[in-house]
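In case you want the letters, here they are:
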Amino acid sequence: SGDSASRLEAPTDPCPEELAATLRPYQVRGFEWLQALYKLHLGGVLADDMGLGKTLQMIALMLYATQRDGRMPSLVVAPTTLTYNWLSELNKFAPQLRALVLDGTRVKRQELIEHDVDVLITSYPLIRRDGELLGEFKFRFCILDEAQNIKNAQSVGAEAVRQIDALSRFALTGTPMENHPGELWSIFNFVM
């Protein structure tokens, strides 16, 4: 019956009121889906067209998880050109989350990693170099933006992100598969 089907759905909590944005209905549904995966200690792939708010949905989830379960750092890996965009979006929509971008020399990055923050943001080129440093920490989320960057499962970058210790892993992409199914397998290999 319809009643039994509705009982099978995972209960979700509302989007945090502290989020400095109003989510569109499809973004609310995406946030609820991400939240359900997080509660089950699973990961997922959020794939939709560019500009539909994947970043905002993940920020809402990070804020929700911090409010629900306390502080624990998350790691965002993005193309170099988007690292400061992530910082800007976090500061705009969830200023209560302390975030920083890992950049500069290896010594400087090592010092930054040890800061008490909610979100560390790094790039694909740097994750290849800093995988060992970041591997010493446990993260709540490991989030790959433009996850098609790990489409080659044998690449150093794909191996580095798979070594990150995180409770949940999420891949964000507008183009989950560009050439062949192996690219999608690589992304799911990271998530699972």
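Data block above holds the structure.
Residues numbered from 1 in each chain as written. Predicted model: local features only at pLDDT ≥ 70, side-chain atom pairs only at ≥ 80, totals over all residues. Heavy atoms only, no water.

(A) Summary view of the side chain of Gln57. Residue placement: Gln57 occurs in helix α3 (residues 54-69). Judged by relative accessible area, which is 1%, Gln57 ranks as buried. Residue contacts for Gln57: discarding those within four places in its chain leaves Gln27, Gly30, Phe31, Leu34, Leu46, Asp48 and Leu52. (Helix = DSSP H or I, 4+ residues; strand = E, 2+ residues; numbered from the N terminus. Buried < 20%, exposed > 50% of the residue type's maximum accessible area, 1.4 Å probe, protein only. Contact = heavy atoms within 4.5 Å.)

(B) Highlighting the pattern of salt bridges. The final tally for this structure, using the stated rule, is 12 salt bridges. Lys39 is paired through a salt bridge with Asp13; the nearest N and O atoms lie 3.2 Å apart. Residue Lys39 is located in helix α2 (residues 25-39), and its partner Asp13 is located in the loop between α1 (2-8) and α2; the two are separated by 26 residues in the primary sequence. Measuring nitrogen to oxygen at the nearest pair gives 2.6 Å for the salt bridge that ties Arg109 to Asp130. Separated by 21 residues along the polypeptide, Arg109 in helix α5 (residues 106-113) and Asp130 in helix α6 (residues 124-134) bring together distant segments of the chain. Judged by relative accessible area, Asp130 falls into the buried class, the value being 0%. Linked by salt bridges that have partners in common, Arg71, Arg98, Asp116 and Asp118 make up one network. (Salt bridge = Lys/Arg side-chain N within 4 Å of Asp/Glu carboxyl O.)

(C) Representation of empty space enclosed by the protein within the structure. Tallied over the entire structure, the rule returns one cavity of 30 Å³ or more. The wall of the largest cavity is formed by Met62, Thr66, Met72, Ser74, Leu97, Asp118, Val119 and Arg140. (1 Å grid on protein atoms, 1.4 Å probe; cavity = no way out; pocket = protein on both sides within 12 Å on 5 of 7 lines; lining within 4 Å. Points joined across faces, edges and corners; volume = space filled by probe spheres on them.)

(D) Fine view of the sheet that holds strand β4 (residues 119-123). Read across the open sheet, the six strands follow the order β1-β6-β5-β2-β4-β3; overall the sheet is parallel. Strands at the two margins of the open sheet, each flanked by one partner only, are β1 (44-47) and β3 (99-101). Here the average twist between neighbouring strands, direction ignored, is 20 degrees. Where strand β2 (residues 74-78) lies against strand β5 (residues 138-145), three bridges are found, and the strand directions are parallel. Residue Leu75 lies in a different strand from β5, and its bridge partner there is Cys142. Against the sheet, helix α4 (residues 83-93) engages β2, β3, β4, β5 and β6 (165-173), with an angle of about 160 degrees to β4. (Pairing = 2+ DSSP bridges. Axes fitted to C-alpha atoms, helices over the stretch in contact; angles between N-to-C directions.)

(E) Expanded view of the pairing of β4. The element β4 is largely enclosed, with a buried count of five among its five residues. Of the two faces of β4, the one carrying Val119, Ile121 and Ser123 and the one carrying Leu120 and Thr122 are both buried. Note that β2 and β4 share five bridges and pair parallel. In the strand pairing of β4, Val77 is matched with Thr122.

(F) Spotlight on the pairing of β2. The element β2 is extensively covered by neighbouring structure, given that five of its five residues are classed as buried. Of the two faces of β2, both are covered, the one formed by Ser74, Val76 and Ala78 as well as the one formed by Leu75 and Val77.

(G) Fine view of unusual backbone geometry. Located in the positive-phi region is His41, a residue other than glycine, with phi close to 60 degrees. Positive phi outside glycine occurs at Glu146, with the angle close to 55 degrees. Tracing the chain through its elements places Glu146 in the loop between β5 and α7 (156-162).

(H) Local environment of the environment of Gln148. Along the polypeptide, Gln148 turns up in the loop between β5 and α7. Gln148 sits in the buried class, given a relative accessible area of 14%. Distance from Gln148 to Ser186, taken between C-alpha atoms, is 8.8 Å for residues 38 residues apart in sequence.

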